[in-house]
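Examining the three-dimensional arrangement
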Amino acid sequence: MRIPSRVTLIGAGFVAAALAVVAKAVDVQLVHGREWRQRAREEQTVRVEIPAPRGTLRDRNGVALAVSQQTYGVGVAPPEVSDRGRAAALLARAVGRPVGDVARILASARVWYAWPGPFTWEQVAPLQSLRGVYLQRRLDRFYPRPDLAPGLIGRVDDAGHGATGLERALDSVLTGRPGSAVMLRDRSGHLYPSPSRPALQPVPGEDVYLTLDAELEEIAQHALTMAVDSTRASGGDVVILQPMTGEILALASVRRDGTAGAGLGDVFEPGSTAKVFTAAALLRNHLATADDTVFAEHGHYVLNGRAIDDVEPSGTLTLADVIRVSSNIGITKFAMRLTPVEQYEALRDFGFGTPTGVELAGESPGTLRNPRLWSGESQASLAMGYEIAVTPLQLAAAYGALADGGVLLEPTLVSEVRASDGAVAWRARVRPVRRVVSPGIAAQLTHMLQGVVEEGTGRRAALGTYPVAGKTGTARRTVDGRYVPGHYTASFVGIFPADDPQLVLVVKLDDPKTDYFGGSTAAPVVRTILEAALATPGVDLNRERLVRHTLPDTAPARTAAPAAGAAAATVVPWPVPAGAARAGAPAGVPVPDVAGLSLRAAARALHRSGFEVRIEGWGRATGTTPAAGAPAEPGAVVVLHAGGGGRGAG
Amino acid sequence: MSPARERWMGWEARLMGIITAILVVFGLVSVYAASSALLVDGHPVGTSLALQQAGGAAVGGILLIVAWRLDLKRLQPLAWPLILVTIGLLVILLLPFTHAIAPRLNGSRRWLRLGVSFQISEFAKLAVVIWTAMLCAKKGKDLTHLSKGLIPVLTVVGPIMLLVLAEPDLSTAVVIGFLAMLVLFAAGARVGHFILLGLVALPIAWEEVAHVQYRLLRMTAFLDPGADRLAGGYQINQSLIGLGGGGLFGVGFGQGQQKLGFLPYPYSDFIFATIGEEWGFVGVVALVLLYTAWVLLALRLARSATEPFLQYLGAGLAAMIGVDAFLHMGVGLALVPTTGLVLPFISFGRSALIVALAATGALMNLGTRRRQLGR
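Bear in mind the structure is a predicted one, so any value in this text is a computation, not a measurement.

What counts and what doesn't
Residues numbered from 1 in each chain as written. Chains lettered and ligands numbered in written order. Predicted model: local features only at pLDDT ≥ 70, side-chain atom pairs only at ≥ 80, totals over all residues. Heavy atoms only, no water. Helix = DSSP H or I, 4+ residues; strand = E, 2+ residues; numbered from the N terminus. Buried < 20%, exposed > 50% of the residue type's maximum accessible area, 1.4 Å probe, protein only. Areas by Shrake-Rupley, 256 points an atom, 1.4 Å probe, with all protein chains shown as cover. Contact = heavy atoms within 4.5 Å. pLDDT = per-residue confidence, 0-100. Buried area = accessible area lost by both parts, 1.4 Å probe. Nonpolar A, V, L, I, M, F, W, Y, C, P; charged D, E, K, R; others polar. Core = buried A, V, L, I, M, F, W, Y, C linked by side-chain atoms within 4.5 Å. Salt bridge = Lys/Arg side-chain N within 4 Å of Asp/Glu carboxyl O. Axes fitted to C-alpha atoms, helices over the stretch in contact; angles between N-to-C directions. Parallel < 35°, antiparallel > 145°, perpendicular 65-115°, else oblique. Left-handed = near helix turned anticlockwise from the far one by under 90°. 1 Å grid on protein atoms, 1.4 Å probe; cavity = no way out; pocket = protein on both sides within 12 Å on 5 of 7 lines; lining within 4 Å. Points joined across faces, edges and corners; volume = space filled by probe spheres on them. Pairing = 2+ DSSP bridges. Polar contact = N/O pair within 3.5 Å; in protein donor to acceptor, adjacent residues only side chain to side chain. Expected span 1.5 Å × (residues − 1). Phe/Tyr/Trp six-rings, centres within 6.5 Å; stacked < 30°, edge-to-face > 60°. Lys NZ or Arg CZ within 6 Å of the ring centre and 35° of its normal.

1. So, the overall build of chain A
- Check the secondary structure of chain A and you find 22 helices and 29 strands.
- Considering chain A as a whole, with its 650 residues, one finds that 50% of them fall into the buried category.
- As displayed, chain A offers around 27,800 Å² of accessible surface, 54% of which is attributable to carbon and sulfur atoms.

2. Details of the overall build of chain B
- When helices and strands are tallied, chain B shows 12 helices and 6 strands.
- Residue burial in chain B is summarised as follows: out of 375 residues, 54% are buried.
- Here the analysis covers contacts within chain B between residues at least 6 apart in sequence; of these, 72% occur between residues at least 24 apart.

3. Observations concerning the confidence of the model for chain A
All names here are of chain A.
- Looking at chain A as a whole, its pLDDT mean stands at 80, while 86% of the residues score no less than 70.
- Between residues 554–586, whose pLDDT stays under 50, and residues either more than four places distant or in other chains, the model counts 50 contacts.
- Between residues 645–650, whose pLDDT stays under 50, and residues either more than four places distant or in other chains, the model counts 13 contacts.

4. Topic: the environment of B:Val129
All names here are of chain B.
- Tracing the sequence through the fold places Val 129 in helix α4 (residues 120–139).
- Residue classification places Val 129 among the buried positions, given a relative accessible area of 1%.
- Spatially, the C-alpha atoms of Val 129 and Ala 79 are 9.3 Å apart, while their sequence positions differ by 50 residues.
- Leaving out residues up to four positions away in the same chain, Val 129 has contacts with Leu 179, Leu 313, Gly 316 and Leu 317.

5. Remarks on the interface of chain A and chain B
- With 36 residues of chain A in contact, the opposing surface of chain B contributes 50 residues.
- For the chain A and chain B pair, buried surface summed over both sides reaches about 3,900 Å², with 69% attributable to carbon and sulfur atoms.
- Of all the secondary-structure elements, those providing two or more residues to the side of chain A that touches chain B are α1 (2–31), α2 (33–44) and β6 (179–185) of chain A.
- The element contributing the most residues to the side of chain A that touches chain B is α1(A), with 21 residues.
- Looking at the side of chain A that touches chain B residue by residue, the classes come out as 19 nonpolar, 7 polar and 10 charged.

6. So, the nonpolar core
- Residues B:Trp131, B:Leu184, B:Tyr291, B:Trp294, B:Leu317, B:Phe326 and B:Phe345 are the most contacted members of the largest nonpolar core, which totals 122 residues.
- For this core, the leading source of residues is helix α10 (residues 271–304) of chain B, giving 16 residues.
- Those residues in contact with B:Trp131 that lie beyond four places of it in its chain are B:Ala79, B:Trp80, B:Ile83, B:Pro152, B:Val153, B:Val156 and B:Val157.
- Counting 90 residues, the second-largest nonpolar core is a separate cluster that includes A:Tyr143, A:Phe334, A:Leu393 and A:Leu395.

7. A look at the pattern of salt bridges
- In total, this model carries 33 salt bridges over all chains according to the counting rule given.
- Note that B:Arg300 and B:Glu12 form a salt bridge whose closest N and O atoms lie 2.7 Å from each other. With B:Arg300 in helix α10 and B:Glu12 in helix α1 (residues 11–35), this pair connects stretches of sequence that are 288 residues apart.
- Here the salt bridges share partners, and the residues they tie into one network are A:Asp237, A:Arg255, A:Asp266, A:Arg477, A:Lys508 and A:Asp510.

8. Re the packing of α10(B) against helix α11 (residues 308–332) of chain B
Residues and elements named next belong to chain B.
- The contact between α10 and α11 brings their axes to 9 Å, and the two run at 165°. In terms of axis orientation, α10 runs roughly antiparallel to α11. For the pair α10 and α11, the sense of crossing is left-handed. Between α10 and α11, the residues in contact are Ile 271, Phe 272, Val 288, Tyr 291, Thr 292, Trp 294, Val 295, Ala 298, Leu 299, Ala 302 and Arg 303 and Gln 311, Gly 314, Ala 315, Leu 317, Ala 318, Ile 321, Gly 322, Ala 325, Phe 326, His 328, Met 329 and Gly 332, respectively.
- Tallied by class, the residues present in the contact of α10 with α11 amount to 16 nonpolar, 6 polar and 1 charged.

9. Side note on empty space enclosed by the protein
Residue and element names in this part refer to chain B.
- All chains considered together, the criterion is met by 5 cavities of 30 Å³ or more.
- Taken as a whole, the largest cavity spans an internal volume of roughly 70 Å³.
- Surrounding the largest cavity, Glu 122, Lys 125, Met 320, Ile 321, Asp 324, Val 342, Pro 344, Ala 352, Val 355 and Ala 356 form its lining.
- Counting residues per element, the ones that place at least two in the lining of the largest cavity are α4, α11 and α12 (350–366).
- When grouped by side-chain class, the residues that make up the lining of the largest cavity number 7 nonpolar, no polar and 3 charged.

10. Considerations on the sheet that holds strand β10 (residues 247–255) of chain A
Residues and elements named next belong to chain A.
- Spatial strand order, β10-β9-β23-β22-β21: 5 strands in an open sheet with antiparallel pairing. Sheet topology places β10 and β21 (469–479) at the edges, where each strand pairs with a single neighbour. Across the sheet, the mean angle separating the axes of adjacent strands is 10° when strand polarity is ignored.
- Pairing between strand β9 (residues 235–242) and strand β23 (residues 503–510): 7 bridges, direction antiparallel.

11. Some details on helix α12 (residues 328–335) of chain A
- Among the 8 residues in α12(A), 8 count as buried, and that is most of the element.
- The N-capping residue of α12(A), defined by a side-chain oxygen 3.5 Å from the backbone nitrogen of A:Ile329, is A:Ser327.

12. Observations concerning the side chain of B:Asp269
All names here are of chain B.
- Tracing the backbone shows Asp 269 in the loop between α9 (233–246) and α10.
- Relative accessible area serves as the criterion here: at 18%, Asp 269 is assigned to the buried category.
- With residues near it in sequence (within four places) discarded, Asp 269 still touches His 328, Gly 340 and Leu 341.

13. Some remarks on the confidence of the model for chain B
Residue and element names in this part refer to chain B.
- Of the residues in chain B, 86% reach a pLDDT of 70 or more, and the chain-wide mean stands at 81.
- Mean pLDDT per element in chain B: helix α8 (residues 213–221) is the minimum at 52, and α12 is the maximum at 91.
- When the criterion is pLDDT under 50, residues 224–231 qualifies, and its contacts beyond four places in sequence or with other chains add up to 13 contacts.

14. Considerations on helix α17 (residues 518–535) of chain A
- Its 18 residues give α17(A) an end-to-end C-alpha distance of 25 Å, which sits within 8% of 26 Å, the value for a rise of 1.5 Å per residue.
- The buried fraction of α17(A) is high, at 13 of 18 residues.

15. Topic: the environment of B:His99
- By the element assignment, B:His99 lies in the loop between α3 (75–94) and β4 (111–114).
- Distance from B:His99 to B:Arg113, taken between C-alpha atoms, is 9.6 Å for residues 14 residues apart in sequence.

16. With respect to the packing of α3(B) against helix α5 (residues 150–165) of chain B
Residues and elements named next belong to chain B.
- Where α3 meets α5, the axes come as close as 9 Å, and the angle between the chain directions of the two elements is 25°. Considered as vectors, α3 and α5 are oriented roughly parallel to each other. Once α3 is placed against α5, the crossing between them reads as left-handed. Of α5, the residues touching α3 (which contributes Trp 80, Ile 83, Ile 87, Leu 90, Val 91 and Leu 94) are Val 156, Ile 160, Leu 163 and Val 164.
- For the contact of α3 with α5, the per-class residue count stands at 10 nonpolar, no polar and no charged.

17. Comments concerning the environment of B:Lys141
- Assignment of secondary structure puts B:Lys141 in the loop between α4 and α5.
- On a C-alpha basis, the gap between B:Lys141 and B:Ala189 in space is 8.7 Å, while along the polypeptide they are 48 residues apart.

18. Description of the packing of aromatic side chains
- As enumerated under the stated definition, the model contains 13 aromatic pairs over all chains in all.
- Geometrically, the ring pair formed by B:Phe185 and B:Phe194 is edge-to-face, given 6.0 Å between the ring centres and 65° between the ring planes. Comparing B:Phe185 with B:Phe194 shows no difference in burial state: the two are buried.
- Aromatic rings pair up to connect A:Phe277, A:Phe350, A:Phe352 and A:Tyr399 into one cluster.
- Against the face of B:Phe185 rests A:Arg6, its NZ or CZ located 4.4 Å from the ring centre.
- Taking NZ or CZ as reference, A:Lys333 lies 4.9 Å from the ring centre of A:Tyr301, over its face.

19. Here we look at unusual backbone geometry
- Following A:Phe496, the chain continues to A:Pro497 via a peptide bond in cis, the omega torsion being -20°.
- Mapped onto the fold, A:Pro497 is located in the loop between β22 (482–496) and β23.
- Of note, the phi angle at A:Arg232 is positive, near 50°, even though the residue is not glycine.
- Mapped onto the elements of the fold, A:Arg232 is located in the loop between α9 (214–231) and β9.
- The backbone of B:Phe345 shows a phi angle near 70°, a positive value even though the residue is not glycine.

Structure follows, in structure tokens:
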């Protein structure tokens, strides 16, 4: 039979095929198995970096200023889309485009179309299952309040690293440590976590709590912008500092040309705001007291051939008056009592000529030349705030030293660093730099500065409610190294409240065109900021402590800008502190002995005992009606007599 | 059936039934394992393909019993109507206005959709085997003449091959031709005829293969699988990575990675690679043994048949399963060019499964003796 043999041949053929398959399987699976396994691992697995989210930047109250968020872009490869109708509907909803537009894109011959987004996961999650639709995951940096101090907060670059401002300065803290994982990869690039190969978890960046107060920052920024606009200044800066901690609450900068950074690199000649440091030098070297007098030459004085003029001509002035009326002649004459070294050391001790050490990069040290390089005019210039260049922050820190009882603190922008789990990794401590003046001298100087706001050049910074201390500054500006008439830097440094400072405020306006006096341009900005801050519950002020220092609730001096004498007869009602009312016996409270105290201290002592005060006269307190020791009802009007000394309002 | 009839099934038929059952069950499990993690149109496959395949297995099981109990000699007069209906259906697939019932899927028109889908070329294999067996039985000794054997077969099978080729489905067309030749060979046609045919057909086949670039790439990729990993060699490479990665004992059932999108059609055209990855060399050898045993049993049953038509039919059916099985495995191991062939009983594909089970039933029929009681 032929047939069986043919069938047997066919069977033999199949057996041969089976042997060939087995032989090849031996080769592939056993002999070269290891190589193929290696190839398999290479192709099927991929080591991916798991990006670590960047830490959040928050203000002192926890308000988020810069947040990292995972976002998605949506890409579509129209040729790969299988169900166009469904895809168009889902895509349209996800990316917020009309269905018709999306359908047109899907029907087109385009190879790729992308909606960059950013979209949230909730928006794009329905797209996951669509063939031909690809989600591109990104970690984006969001600035919930993008207009809030963008120059100070800074921004990140495309790679997610800090490029400017605090984002850059704090980059190493904010940046987390990326993790890595071995992922299984299928052909279309989808990744699946490998159960057998553990992933190194990313460590998120740490959250930074800034000392900034977002509310105050916004207030400052707004007030500054308004002031720059209304005075047609070329720019301006505001620094608000907490004197007892050195914490910077607000740092605003406006430049008309739009180049505003954090405002730490630009220096200016402070002018009269620096006079107080000369006064400090005199006091700490026991070369003068607040009551020492000089003759102010009635407004015009020539020293070594250099003409020095006062805006308001005066006769004899005490050192306190010199500060109050900002007399150039007076401070120059006082400065002559100092040696150059004494003057230099005082300025240096207040931190001028040295970077403050704040966390931001690009801080300028300012300019304070060594006395060996001084000319014959330098002492007079420095006394008036020239030949010295400072940053607004340096000025704020130096005034902070006065407000903080004489100790210069290193200003800081970072109050706390927290790990992503909330554990505090680092907390700012008060960093004293040095004691500049004694607490007594600091109090005296602050007192002088209070006079500036109450009766002197800074009256427009005064609040009706709380005492404010401060100093005006109006400095001529140089253009190409020469002082040019008509160009000024107007500034005001305020201390609030004057007798128990919680804030130091520096406002500086560059080259205002309407009015160039610091007292009329910068001082109102301080008042605006303070009024807004007091009206905003979110601003971090110790209101309990504030209550103890309210001013009499009268028509404030600022509105009428009255002569100092007008204030003398004012009856100043004072809200009775609750504690005092309770403590006070119904029979009455003895009137304290205030004879010999300054008018202000006397009034304060009387206020503290719960009396309303009517002032008669000016100068030092001589007595009261009722007399000291006599009982009086709380809330009763006590007449405070003052006089003698002959130093009326300057 | 009539109680007057008694059936006695030989051990070959019983063993074949057992092997087939093992393969079908293993196939269902493998289809599930290879497909469940995939997404089709964005939806996870899950059990859907495995359940569809189980439905096919049920239908195939019924057909197996029908074919087992059928008097196979009745197929002989049905051979011509069967082949004509097949040609008609193949033509319908290609008509320009029949897209509604013959859609283009993955670039070719192979399926007729009438509520359920039929892959006509799978039925064409069966029809060609039956028809060629019928023709060979009719011609008998005349097959030694070229004009009585090879040429009439080519006259009918050639157009069928061209129709399948036009779908396009090169590999099935080649398999159909090969099956017809095997039946002819089993029936005793001259070896010289096949040599002549080979000399004529090879250049044509090469031309056909070469003029479509993707086919060329697949044709040449097996010569050097590592050459171009992104073009033609890609599929073979992924298959080899899967098989090679399996090693001796495999990565474990369900643990294969290649099916996760690296392998095209891991549940059908490349299910062997999926199985080889998960079950390793041990699984591959077991599979080869099962198919070899099945084919040898089928050939033994064919040889034992009482009539030439049944002998040729049996040989053709044995070859139908064996050629697909070993070509599929050869593709997975880069022994032959990459073609889209299913692994009988195992790969997803209900038409192929039904046809394979019907063929199994027919072969078991050959191993079953019928006796009229009282004779």
